[in-house]
Every structure is written in C-alpha cells, then in structure tokens.
Amino acid sequence: MFAPGAKYSYSNTNYIALGLVAEKAAGHSLSDLIQERIAGPLHLKSTYLVTGSGEAKSPRLAHGYEPDAAHLAPVLPLGTPAGTAFAGPARAAGYVDTTWINLSTEWAAGGMVSTAQDWARFDTALMSGKLLPPAQLKEMKTTVAEESGNPNRYGLGLEKKVGTPCGTVWGHDGQVPGYSSWDYTDRTGRRTVSVFATTIFGIANPKSGAADQALVNAAVCTMLDKPIPTTPASVPTDS
C-alpha cells in the first residue's frame with residue numbers, strides 16, 4: 001500500500017504474517033516463544049496465547065457477552081449481511097455468551113488470555129526498557145500519523161495516544177468477540193492502567209459508548225495524577 005514507515009494502516013493479517021515469520025526464524029511455535037521470551041521472564045502467570053478451542057475453557061475466565069442478532073444489527077456497519085450474529089448460549093436481555101468462541105482464529109493478531117495485573121507488568125517492562133534492547137524499543141516508538149483527523153500516532157505495535165483529556169500515553173487497545181481492552185502507560189513505564197470490558201458491541205450505542213469512554217478517560221487521568229474531567233476536554237499538546 002505504501003513504503004514501509006511512510007503511512008499507517010492497521011492489519012490483523014500483517015500480525016498473522018509476523019507470527020509466521022517469528023516461528024520460522026526461531027524454530028519454535030509462537031505460543032512457546034511468548035512463554036519463553038516474555039511471559040516466563042516477566043512472571044506473567046495468567047498470560048498465554050490461545051492455540052485451540054478447548055484450552056481456554058477455564059472456570060476462572062470472565063465471561064464475554066455480545067448482543068444477539070436482533071440487537072446487534074443496529075450497531076453493525078452498513079453493508080453487513082442480514083442475520084449476522086455471534087455464536088453462543090442465549091443470555092437474558094438479548095445477549096449471547098461468547099466466552100467459548102475459539103480465539104485461536106486471532107492468533108498473533110490478539111488471541112491472548114491475560115489479566116489486568118499481568119498486562120500492567122508487561123507494559124512496565126516494555127516501556128522501561130526491561131523487555132527489549134534500546135534500539136528495538138526505539139523502533140517500536142518511532143511513529144507515523146494515523147487517519148486524517150486522528151491525533152494519535154502508531155509505531156510498531158505500539159500507539160502513542162495523544163487524544164486523551166489528561167495527556168499523552170502509550171499502549172494499545174484491542175477487541176475480540178466478547179472482550180475489549182485498553183492498556184496504557186506513561187512514557188517511562190512507571191505508571192500503567194488497564195481497563196477490560198466483557199463486550200465489544202454491547203457498548204456500541206451512544207449512551208453506553210460515552211460511559212465506557214468516560215471510564216477509560218478517568219482511569220488514564222488517575223494514572224497521570226490529574227483531575228478526572230467533568231466536561232469534554234480539548235486535545236492536549238504535551239508529550
């Protein structure tokens with residue numbers, strides 16, 4: 001689409017390709033590499049890559065929920081085929097339980113199981129320089145502009161999020177069926193925040209979406225030791 005490093009375009013497929021490259025180069029499965037190179041050394045005891053449909057069925061997992069077909073249709077993009085729905089047992093109030101959807105389909109693009117505590121430990125190790133050599137961390141933090149009108153910038157799997165009401169943070173967000181996450185840190189890794197929600201489309205309507213964004217903003221501002229905003233704030237310019 002463009003020369004490497006020139007522009008921004010997010011692609012799950014590219015992360016899958018990167019996982020295949022890592023396996024070929026190392027001669028080990030990606031799940032083993034994550035355990036050997038990241039989860040093990042950082043003592044992330046509840047973090048692993050999902051590789052099959054059965055291994056994630058732990059009773060300790062937070063259950064994820066998405067609207068059923070009738071309630072999902074109004075929040076889907078235009079052009080989505082009629083009847084599109086998530087698989088899972090029916091729940092009250094028009095939801096289905098998506099906990100057991102096989103996340104190995106996401107694989108290197110985000111098929112992870114983790115906890116907020118583990119993710120905070122990972123963010124701290126990454127941004128403080130404990131996880132990677134300085135040159136590699138510098139490459140991750142070399143960013144390009146995102147879409148027109150979006151103030152945030154994207155590096156190598158790491159986003160510089162400028163558009164928060166309390167200042168710039170680094171990290172990533174992600175979604176898989178039934179789960180959303182926002183994991184951020186300051187530029188040194190000394191302070192982190194992780195917000196997890198057990199749905200994606202369940203917060204897609206304006207009222208729920210506004211409440212969800214307010215929660216994330218409050219968490220980020222608390223992390224940065226700044227007052228929680230009571231009204232929408234302009235985009236800050238500090239870094």
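I will try to describe carefully the structure that is included in this document.

Some remarks on the sheet that holds strand S11 (residues 192–197)
Okay, so step 1: Strand order across the open sheet formed by 6 strands is S6-S7-S8-S9-S10-S11, with antiparallel pairing between neighbours. This sheet does not close on itself; its edge strands, each paired only once, are strand S6 (144–145) and S11.
Okay, so step 2: Helix H4 (residues 116–128) contacts strand S9 (169–176), strand S10 (179–185) and S11 of the sheet and is inclined by roughly 145 degrees relative to S11.
Okay, so step 3: Each of S9, S10 and S11 is contacted by helix H6 (residues 206–223), which is oriented at about 160 degrees to S11, the strand it contacts most.

Points about the state of the cysteines
Okay, so step 1: All told, the structure shown has 1 disulfide when counted by the stated rule.
Okay, so step 2: In this model Cys 166 forms its disulfide with Cys 221; the gap between the sulfur atoms is 1.9 Å. For the disulfide bridge between Cys 166 and Cys 221, the dihedral angle about the S-S bond is near 95 degrees, and by the sign convention the bridge is right-handed. Of this pair, Cys 166 sits in the loop between strand S8 (159–161) and S9 while Cys 221 sits in helix H6; the two residues are 55 residues apart in sequence, bridging distant segments of the chain.
Okay, so step 3: A relative accessible area of 6% places Cys 166 in the buried class.

A short note on the sheet that holds strand S3 (residues 90–91)
Okay, so step 1: Spatially, S2-S4-S3 is the arrangement adopted by the 3 strands of the open sheet, whose pairing is antiparallel. The strands lining the two open edges of the sheet, one partner per strand, are strand S2 (65–67) and S3.

Here we look at the pattern of salt bridges
Okay, so step 1: All told, the structure shown has 2 salt bridges when counted by the stated rule.
Okay, so step 2: Between Asp 186 and Arg 191 there is a salt bridge, with the nearest N and O atoms lying 3.1 Å from each other.
Okay, so step 3: Relative accessible area serves as the criterion here: at 7%, Asp 186 is assigned to the buried category.
Okay, so step 4: When the shortest N-O distance is used, the salt bridge between Asp 225 and Arg 191 registers 3.3 Å. Here Asp 225, found in the segment after H6, pairs with Arg 191, found in the loop between S10 and S11; they are 34 residues apart in sequence, far enough to count as distant.
Okay, so step 5: According to the relative accessible area criterion, Asp 225 is exposed, its value standing at 64%.

Rules used in this analysis
Residues numbered from 1 in each chain as written. Predicted model: local features only at pLDDT ≥ 70, side-chain atom pairs only at ≥ 80, totals over all residues. Heavy atoms only, no water. Pairing = 2+ DSSP bridges. Helix = DSSP H or I, 4+ residues; strand = E, 2+ residues; numbered from the N terminus. Contact = heavy atoms within 4.5 Å. Axes fitted to C-alpha atoms, helices over the stretch in contact; angles between N-to-C directions. Disulfide = S-S within 2.5 Å. Buried < 20%, exposed > 50% of the residue type's maximum accessible area, 1.4 Å probe, protein only. Salt bridge = Lys/Arg side-chain N within 4 Å of Asp/Glu carboxyl O.

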